Amino acid sequence: MITKESIDNLKNHLEIVDVISQSLELKKSGANFKACCPFHGEDTPSFVVSPAKQIYHCFGCGVGGDAIKFIMEYEKLAYPEAIEKLASMYNVTLSYDDNNKPKQDLKVLDSINQYFIKLFANNNVAKDYIKSRGISEFSIEKFEIGYAPKSFETINYLKNNYLNLADAKELGVIDSGENGLYSRFIERITFPIYGLNSKIVGFGGRTITGHSAKYINSPQTKIFNKSKLLYGYNIAKENIYKRNRIIVTEGYLDVIMLHQAGFNTAVATLGTALTKDHLPLLRRGEPKVIVAYDGDKAGLNAAFKASVMLSQSEFEGGVVIFGNGMDPADMVKEGKVEELNKVFSNPQAFISYAIDYIVAKYNINDPIQKQKALQEANEYLKSLSILYQDEYKRYLAQKLNIRENLVKISTQSRRKVENSSTKIDIAELSIIKAILEKPSRLDYVLDMVDSEIFDYHKEQFELLISDIHDSSLNGILLNERLEDYDDERLKKEICILLSKYYSSKLNTLLYDKTLDFKKKSNEIRKLKDKIFQLKQGKMVTYN
Ligand SMILES: [Zn+2]
């Protein structure tokens, strides 16, 4: 683990404007800097960077934090990786303490991978299978193709090399059943799967001895989340950035064969469909996304779902479907590289693919079916930006052979609808801001108020009490519409807020018919006294 001292040392070297301006174009705006937010689509900048406070915050989507947090979010890195990246950017040396668990973890996966690789080299059945698929010696090495032996052999290997069995179990290499420990990969060709930190996080395995599941993956573990990762990303990464393209396929062999043929931006999902969890990774480097799936029913449907999701998230790119029972690996094997080149440069746009898919489900010669197709396609179109809706209503109308004005598009932008509901109260927010500016004020304020007195921003005030450094409060800190209070003004504003609170309490009390007379008049007297004192600018304790 990286020592705390060296992280603190690094932090002293960081200047947030410098860090962020290496990725975004920042424009000066008063005491702060502004940019269009990289984390949500927008045309007017609401992403603010404060050099004074060394934080950033987006008023559009609410993200925010310090320089390290920015690198984590923008580069999609884990905390230690972000630290390492910044350290190398600023030439700061980090120190590590060595007896940490994560390193032990990775050692198990690394050494089991080396073991599998060695076994593969000595296993003719495995080698013959891989060669029969057209995979070259070079690719075998590059993708570290291995072979997992019989269960007891793997267990013995772990034991003989004094590897931590508990770690091996936790990382999904082995598991325990009725008859003790067993290997999760038995007589399978293995493909190591790398995480974003370029370390092995799991394996994929293909049987060559007829085990029931053709392909299996490591189970979900604390370091392996298969719905976030893509096979081959570690190898494709640099080229994805360079060529602004990523080819998403369905299988390990597709990835390996495409790379072999020079399509070095190919990756694959890990036995799952593309999900929202994949989007941050796909977004890295803003590449065009090519979804390259088989032409069977499952492939077509998966491509449809991916198209809907990617178009709604406004990704560029499109769909390539392989017909005649071929997959990308077969195409490479048969030498159809030119053809691949052509189809990858000319994918069908996500939106037109999705519309075609919807329309193809119905028999549009039947007016009733046609109506249904229109309805479904309309619903989908409405989930897109206005520009796309306008662009594709013509396409849909032609597809259904109807008049364009029958395609109803939504006139309101989606984002505006999402944002309109939250009400803000300047007086309450200004008090919260004053405390954020000077946290030592919190004790003093808490003597007088409780979160109850906040009508609109109770939640934020409670967050302030529980964690004053929570990054979601940065929006308040950077809100230029809020005045900066000195201690005197803060006290005055709290008096005003309290007297408002007690007045409304008094009002409810006056109309309360359940209290007995004596108690009620006693309470009323107390409240009136409080309000009187507050109006004179005198503090009263909250109760
Ligand atoms: Zn944003």
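Residues numbered from 1 in each chain as written. Predicted model: local features only at pLDDT ≥ 70, side-chain atom pairs only at ≥ 80, totals over all residues. Heavy atoms only, no water.

**Q** What is the right way to look at the overall build of the chain in this model?
**A** Looking only at helices and strands, one finds 25 helices and 16 strands in the chain. The C-alpha radius of gyration of the chain comes to 30 Å, more than 25% above the 24 Å expected for a compact globule of 543 residues. The C-alpha extent of the chain, read off along each of the three principal axes, is 95 × 70 × 55 Å. In the chain, once contacts between residues fewer than 6 apart in sequence are set aside, the share between residues at least 24 apart is 65%. When the accessible surface of the chain is split by element, carbon and sulfur atoms take 50% of a total near 28200 Å². Here the chain holds 74 positive side-chain charges and 71 negative ones, and the gap between their average locations is 4 Å. (Helix = DSSP H or I, 4+ residues; strand = E, 2+ residues; numbered from the N terminus. Rg over C-alpha atoms; globule rule 2.2 N^0.38 Å. Contact = heavy atoms within 4.5 Å. Areas by Shrake-Rupley, 256 points an atom, 1.4 Å probe, with all protein chains shown as cover. Lys, Arg positive; Asp, Glu negative; His and termini not counted. Charge placed at Lys NZ, Arg CZ, Asp CG, Glu CD.)

**Q** Honestly, the packing of helix H21 (residues 441-448) against helix H22 (residues 458-466) in this entry has me stumped. Any pointers?
**A** Two quantities define a packed helix pair, namely the angle between the helix axes and the distance between the axes. For the pair H21 and H22, the least separation of the axes is 11 Å and the interaxial angle reads 125 degrees. What the angle tells us is that H21 and H22 run oblique. In terms of crossing hand, the pair formed by H21 and H22 is left-handed. Across from Leu-442, Val-445 and Leu-446 in H21, the residues of H22 making contact are Phe-461, Leu-464 and Ile-465. Within the contact of H21 with H22, the residues separate by chemical class into six nonpolar, no polar and no charged. (Axes fitted to C-alpha atoms, helices over the stretch in contact; angles between N-to-C directions. Parallel < 35°, antiparallel > 145°, perpendicular 65-115°, else oblique. Left-handed = near helix turned anticlockwise from the far one by under 90°. Nonpolar A, V, L, I, M, F, W, Y, C, P; charged D, E, K, R; others polar.)

**Q** Looking at this structure, I do not really get the UniProt feature "zinc finger region: CHC2-type" (unreviewed entry) in the chain. What am I missing?
**A** In the numbering adopted here, UniProt assigns the feature "zinc finger region: CHC2-type" (unreviewed entry) to residues 37-61. Helix makes up 0% of residues 37-61 and strand 32%. Its end C-alpha atoms lie 8 Å apart. (UniProt positions renumbered as here; feature names shortened; annotations may be inferred.)

**Q** Help me understand the packing of helix H13 (residues 297-312) against helix H16 (residues 350-360) in this model?
**A** Relative to each other, H13 and H16 sit at 130 degrees, their axes nearing to 9 Å. If you check the angle between H13 and H16, you find them oblique. As for how H13 packs across H16, the hand of that crossing is left-handed. Counted together, Leu-300, Asn-301, Ala-303, Phe-304, Ser-307, Val-308, Leu-310 and Ser-311 of H13 and Phe-350, Ile-351, Tyr-353, Ala-354, Tyr-357 and Ile-358 of H16 form the full contact between these two elements. Its residues assigned to classes, the contact of H13 with H16 comprises eleven nonpolar, three polar and no charged.

**Q** I tried to follow the coordination of the zinc ion on my own but got confused; where do I start?
**A** Octahedral metals with six donors have ideal donor angles of 90 or 180 degrees. Tetrahedral metals with four donors have an ideal donor angle of 109.5 degrees. At 2.1 to 2.3 Å from the zinc ion lie its protein donor atoms, namely Cys-37 (SG), His-40 (ND1), Cys-58 (SG) and Cys-61 (SG). Relative to the metal, the four donor atoms surrounding the zinc ion lie at angles of 103 to 121 degrees, and the coordination shape comes out tetrahedral. Sequence spacing of the donor residues for the zinc ion, all on one chain, is C-x2-H-x17-C-x2-C. On the criterion of sequence distance, the pair formed by Cys-37 in the loop between strand S2 (32-35) and strand S3 (47-50) and Cys-61 in the loop between strand S4 (55-58) and strand S5 (64-65) is long-range, its members being 24 residues apart. Looking at Cys-61, the relative accessible area reads 34%, which means it is partly exposed. (Donors = N, O, S within 2.8 Å, 3.2 Å for Na, K, Ca; no water. Tetrahedral: all angles 85-135°; square planar, octahedral: opposite > 155°, others 65-115°. Buried < 20%, exposed > 50% of the residue type's maximum accessible area, 1.4 Å probe, protein only.)

**Q** Could you clarify how one ought to interpret the nonpolar core in this entry?
**A** The tendency in soluble globular proteins is for nonpolar side chains to be buried side by side. Formed by 41 residues in total, the largest nonpolar core has its most connected members in Ile-246, Leu-274, Leu-282, Val-291, Leu-310 and Leu-396. Going through the elements one at a time, helix H10 (233-243), strand S12 (245-249), helix H12 (279-283), strand S14 (288-294), H13, H16, helix H17 (367-382) and helix H18 (386-400) are the ones with two or more residues in this core. Counting residues per element, this core draws most heavily on H16, which supplies eight residues. Built from parts of two domains, this core gets at least three residues from each of domain 3 (233-355) and domain 4 (361-419). Setting aside chain neighbours within four positions, we find Leu-310 in contact with Leu-274, Leu-279, Leu-282, Val-289, Val-291, Phe-315 and Phe-350. Residues Phe-143, Tyr-231, Leu-253 and Ala-268 belong to the second largest nonpolar core, which totals 37 residues. (Core = buried A, V, L, I, M, F, W, Y, C linked by side-chain atoms within 4.5 Å. Domains from an automatic or database assignment.)

**Q** Please explain the sheet that holds S2 as it appears in this structure.
**A** By way of backbone hydrogen bonds, the strands of a sheet pair with one another, either parallel or antiparallel. Ordered by their spatial adjacency, five strands build an open sheet running S1-S2-S3-S4-S5, and the pairing between neighbours is antiparallel. The two strands at the open ends of the sheet, each matched to only one other strand, are strand S1 (27-29) and S5. In this sheet, S4 lies alongside S3 in antiparallel orientation, the contact comprising four bridges. Bridged to Val-49 within S4 is Tyr-56. Relative to the sheet, helix H3 (residues 67-75) contacts S3, S4 and S5, its axis offset from that of S4 by approximately 50 degrees. (Pairing = 2+ DSSP bridges.)

**Q** Honestly, H17 in this entry has me stumped. Any pointers?
**A** Three or four residues apart is the spacing at which side chains of an α-helix point the same way, because the helix has 3.6 residues per turn. The terminal C-alpha atoms of H17, which comprises 16 residues, lie 22 Å apart, in line with the 22 Å expected from a rise of 1.5 Å per residue. Restricting attention to buried positions, one finds in H17 the residues Ala-373, Leu-374, Ala-377, Asn-378, Tyr-380 and Leu-381. Viewed along the axis of H17, the buried residues span an arc of 160 degrees, placing them on a single side of the element. Exposed and oriented more than 90 degrees from the buried face of H17 are Ile-368 and Glu-379. Tucked into the core, H17 has its buried residues touching H13, H16 and H18. The residue sitting at the N-terminus of H17 and contributing the capping side-chain oxygen is Asp-366; that oxygen lies 3.0 Å from the backbone nitrogen of Ile-368. (Expected span 1.5 Å × (residues − 1). Arc of directions from axis to C-beta. Polar contact = N/O pair within 3.5 Å; in protein donor to acceptor, adjacent residues only side chain to side chain.)

**Q** Help me understand the pattern of salt bridges, please; the structure alone is not making it clear to me.
**A** Pairing between side chains of opposite charge can happen when the charged atoms of each approach one another. Tallying each qualifying case throughout the model produces 20 salt bridges. Of the charged contacts, one joins Lys-27 and Glu-25 as a salt bridge, the two residues approaching to 3.8 Å between their closest N and O atoms. Given a relative accessible area of 54%, Lys-27 falls into the exposed group. The shortest N-O distance in the salt bridge between Glu-334 and Lys-336 comes to 3.5 Å. Take Lys-336: its relative accessible area is 29%, and that puts it in the partly exposed class. Here the residues in one salt-bridge network are Lys-438, Arg-441 and Asp-487, joined through shared partners. (Salt bridge = Lys/Arg side-chain N within 4 Å of Asp/Glu carboxyl O.)

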